[in-house]
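Listed below are the residues making up each chain.
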Amino acid sequence: MKNSSLVSITDYSVDDILEILEYAEFFENNPRPDLIVDKVAATLFFEPSTRTRLSFETAIQRLGGRVIGFTDAGTSSVSKGESLKDTILTVANYTDFIVMRHPIEGSARYASEISQVPIINAGDGANQHPTQTLLDLYSIHKTQKTLENLNFVMVGDLKYGRTIHSLVHALAHFNPTFHFVAHDLLQIPNEYKLFLENQKIKFYLYSSLENVIKDADIIYMTRVQKERFSDLMEYEKTKDAYILKKNMLNNIKPNMRIMHPLPRVNEISTDIDDTLQAYYFQQAKNGVYTRQSIIKKVLGLNVN
Ligand code: CP
């Protein structure tokens, strides 16, 4: 059925994206504890999560709504063989919208096509993580005061990183320059290179991090995603290829900030956490306001 689901960042126009950022700022400054008091949401997490699930549940509860769901499909009837279709059709009977994370690419699109209530994709395999992208854009705008004409250094697992894939698509609206730093085995996939070439957006590939830091407005670090590798030898070869250390931050632009969708493993040295440049925990906090704005849009609500 047609509904207001958010499955891919490409579902949103640039105007939709700017509307989300406008209302994220609204919710940050104007808590609305009674906006969805009559609503029940489901969070269905078929994969582990800390930030996405807990910031959605915080967002829902701080807007007055209630949450049901599971954090481990093993505790649901999926463990007895129930299909995704039957799970969605059942949970849609109980709720006003569903936030779902699932390991299979395309699962959120499928759910949105059969569900009677909106689906919000909280990550589908290595494909898309649109709500992370919207909170990333909110964070970039807060730190840079613009989204336009910025230099992004994206580092780590660019092959499997769904946060990277969604963010590249969204930033393409704002004339970015991309510097992709990755091991050969984890470079940005060809479909994204082709997309950027078609959009006439500048991008460069690197195997070394040191020389690009000085030009960065945003360094976006990512974890090498062990759970996506079919060959664990490849994971061992690539896992610690890029570690951002404090002594690498000597020659940087004053506005430069370091972002990471988290969780972090080794890729940002902990002695960076207390620097002005470290923005990743504030970025995670911004997820609450951004997800409140997404809920408002998905439910078609007005605030003023
Ligand atoms: N950024 C992110 O998706 O974190 P979680 O896996 O903890 O939800």
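It should be emphasised that the depicted structure is a prediction, and the values quoted were computed from it without experimental measurement.

Asker: When you look at the pairing of strand E3 (residues 97–102) in this model, what are you seeing that I'm missing?
Answerer: The side chains of a regular strand alternate between the sheet's two faces. Among the six residues that make up E3, six are buried, leaving the element largely enclosed by the rest of the structure. Residues Phe97, Val99 and Arg101 point to one face of E3 and Ile98, Met100 and His102 to the other, with burial holding for every one of them. Summarising the sheet, strand E1 (residues 40–45) and E3 pair through five bridges and their orientation is parallel. Residue pairing for E3: leucine 44 is matched across the bridge by methionine 100. The pairing of E3 with strand E4 (residues 119–124) spans four bridges and is classified as parallel. Each residue of the ladder has a partner; that of valine 99, found in E4, is isoleucine 120.

Asker: For this particular structure, what's the right way to read the site of the ligand?
Answerer: All residues adjacent to the ligand are Ser49, Thr50, Arg51, Thr52, Arg101, His129, Gln132, Pro261 and Leu262. In this structure, threonine 52 approaches the ligand through a side-chain N or O atom, which is 2.7 Å from an oxygen atom. Contact distances for the ligand include 2.8 Å between a nitrogen atom and a backbone N or O atom of proline 261. For the ligand, the accessible surface in isolation is 260 Å², of which the surrounding protein chains cover 91%. With respect to the detected pockets, the ligand is housed in the largest pocket. In terms of residue class, the shell around the ligand is made up of two nonpolar, five polar and two charged.

Reading guide: rules and limits
- Residues numbered from 1 in each chain as written.
- Predicted model: local features only at pLDDT ≥ 70, side-chain atom pairs only at ≥ 80, totals over all residues.
- Heavy atoms only, no water.
- Buried < 20%, exposed > 50% of the residue type's maximum accessible area, 1.4 Å probe, protein only.
- Helix = DSSP H or I, 4+ residues; strand = E, 2+ residues; numbered from the N terminus.
- Pairing = 2+ DSSP bridges.
- Near = heavy atom within 4 Å.
- Polar contact = N/O pair within 3.5 Å; in protein donor to acceptor, adjacent residues only side chain to side chain.
- Areas by Shrake-Rupley, 256 points an atom, 1.4 Å probe, with all protein chains shown as cover.
- 1 Å grid on protein atoms, 1.4 Å probe; cavity = no way out; pocket = protein on both sides within 12 Å on 5 of 7 lines; lining within 4 Å.
- Sits in = over half its atoms within 2 Å of the grid points.
- Nonpolar A, V, L, I, M, F, W, Y, C, P; charged D, E, K, R; others polar.

The analysis is restricted to geometry; functional conclusions fall outside its scope.
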